[in-house]
Amino acid sequence: METNLKGKRALVLGASKGLGYGIAQGLAEEGARVAIASRTMEGSKAAADKVGALPFVCDTGKSDQIDALAKDVTAALGGVDVLVLNSGGPPPGKAQGVTSEQWRASFEAMFVNLVRLTDHLLPGMIERRFGRIISVISSGVIQPIPNLAISNAIRPALVGWGKTLASEVASFGVTVNAIAPGRIATDRLKQLDAANAERTGRSVEEVAAAAKAGIPAGRYGEIAEFGAAAVFLASERASFITGSILRVDGGQISCT
Ligand SMILES: NC(=O)c1ccc[n+]([C@@H]2O[C@H](COP(=O)([O-])OP(=O)(O)OC[C@H]3O[C@@H](n4cnc5c(N)ncnc54)[C@H](OP(=O)(O)O)[C@@H]3O)[C@@H](O)[C@H]2O)c1
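Residues numbered from 1 in each chain as written. Predicted model: local features only at pLDDT ≥ 70, side-chain atom pairs only at ≥ 80, totals over all residues. Heavy atoms only, no water.

As recorded by an unreviewed UniProt entry, the protein chain carries the name SDR family oxidoreductase and is attributed to Microvirga thermotolerans.

(A) Focus on the site of the ligand. Close to the ligand lie 26 residues, the nearest being Ser16, Arg39, Arg155, Ile184 and Thr186. With respect to the ligand, the backbone of threonine 60 contributes an N or O atom lying 2.9 Å from a nitrogen atom. Between the ligand and glycine 182 there is a distance of 3.4 Å, counted from an oxygen atom to a backbone nitrogen or oxygen. Computed on the free molecule, the ligand has an accessible area of 880 Å², of which 89% lies beneath the protein chains in the complex. At the level of elements, α1 (18-29) and α6 (187-200) are the ones that each hand at least two residues to the shell around the ligand. Here the shell around the ligand is composed, by residue class, of seven nonpolar, 12 polar and seven charged. Formed jointly, the shell around the ligand draws a minimum of three residues from each of two domains, domain 1 (9-184 + 226-247) and domain 2 (185-220). (Near = heavy atom within 4 Å. Polar contact = N/O pair within 3.5 Å; in protein donor to acceptor, adjacent residues only side chain to side chain. Areas by Shrake-Rupley, 256 points an atom, 1.4 Å probe, with all protein chains shown as cover. Helix = DSSP H or I, 4+ residues; strand = E, 2+ residues; numbered from the N terminus. Nonpolar A, V, L, I, M, F, W, Y, C, P; charged D, E, K, R; others polar. Domains from an automatic or database assignment.)

(B) Examining the sheet that holds strand β4 (residues 82-85) more closely. Within the open sheet, the seven strands sit side by side as β3-β2-β1-β4-β5-β6-β7. Their pairing is parallel. Both outer strands of the open sheet, β3 (54-57) and β7 (245-248), are each paired with one neighbouring strand and no more. Neighbouring strand axes in the sheet, compared pairwise and without regard to direction, differ in orientation by 20 degrees on average. Direction of pairing for strand β6 (residues 174-181) relative to β7: parallel, over a ladder of four bridges. Bridge pairing links alanine 180 to arginine 247 in β7. (Pairing = 2+ DSSP bridges. Axes fitted to C-alpha atoms, helices over the stretch in contact; angles between N-to-C directions.)

(C) Looking closely at the pattern of salt bridges. Overall, the coordinates contain 11 salt bridges when judged by the stated rule. With a shortest N-O distance of 3.0 Å, lysine 45 and aspartate 49 are connected by a salt bridge. Residue lysine 45 and its partner aspartate 49 are located together in helix α2 (residues 41-51), separated by four residues, close to a single helical turn. Judged by relative accessible area, lysine 45 falls into the partly exposed class, the value being 41%. (Salt bridge = Lys/Arg side-chain N within 4 Å of Asp/Glu carboxyl O. Buried < 20%, exposed > 50% of the residue type's maximum accessible area, 1.4 Å probe, protein only.)

(D) Up close: the domain arrangement of the protein chain. Each assigned domain of the protein chain is listed with its residue range as follows: domain 1 (9-184 + 226-247) and domain 2 (185-220). Contact residues are listed per partner, giving 10 residues for domain 1 and 11 residues for domain 2. Approximately 930 Å² of surface area, both sides summed, lies buried where domain 1 meets domain 2, with 54% of it carried by carbon and sulfur atoms. In this structure, the connection of domain 1 to domain 2 is made through two salt bridges. The shortest N-O distance in the salt bridge between aspartate 187 and lysine 17 comes to 3.1 Å. Scanning the region where domain 1 abuts domain 2 turns up six residue pairs in polar contact (both at pLDDT 80 or more). (Contact = heavy atoms within 4.5 Å. Buried area = accessible area lost by both parts, 1.4 Å probe.)

What follows is the structure, given as structure tokens:
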């Protein structure tokens, strides 16, 4: 399949490792010019060197860094055609007992500043009559995940915003979609399995085995499998897909 991504300019947040890295790698393999951002230049540079990308620093919790990223990436690449909204996951925990400060900080990092970055880069996409905005969300927006209250509560905001934006910009050739990972093998998943083991008094191996038993594919996904979904949505081939959620979960979530 010809993706026509050669020469397209892509910015991937939270891309020094994990899902963001898998997406950056997939886009670079298709010939896109990729900018990788994470909270440290060291992390971004190590990842960027591996995939042939440009490194940037951006903590999605900090609006000044969001503004600077938009400016710096636009200066370096001349614009952004593909924007991948991704970030670190919030701490695990129950719905009860989250402080107002924690809710506000998570909402800033997982929603407000991602929208802010989009607002910076969207006018150029509209002007050029091509754009791809892809949010990394979670299967928790479809089926809430126990002990991940902040994620379950805040990610649906990104979906509601994305679906609304999709209808506003579709006629300009800009699509807005979300990808919902089930369980993809990353450091974040390792940390969640370890926390789950600690909470339930089981070994990490037992926790992982039980989780895999609930996935029809019988295993965790690979970051390259997740990246491939983003590559498709970023491609010209996905031009009539917008306002959608694409699940990448090995069949784990059976409802739509
Ligand atoms: N893996 C899964 O199965 C799964 C399932 C559902 C949802 N998710 C969600 O998908 C997202 C990515 O997950 P992952 O598994 O790839 O996690 P990961 O392996 O921990 O990687 C997270 C990436 O984001 C960066 N990052 C962390 N905090 C950041 C911040 N405040 N601002 C900017 N970048 C930040 C990290 O780099 P630095 O630490 O260097 O900044 C790293 O590059 C998370 O929101 C996670 O909750 C993942």
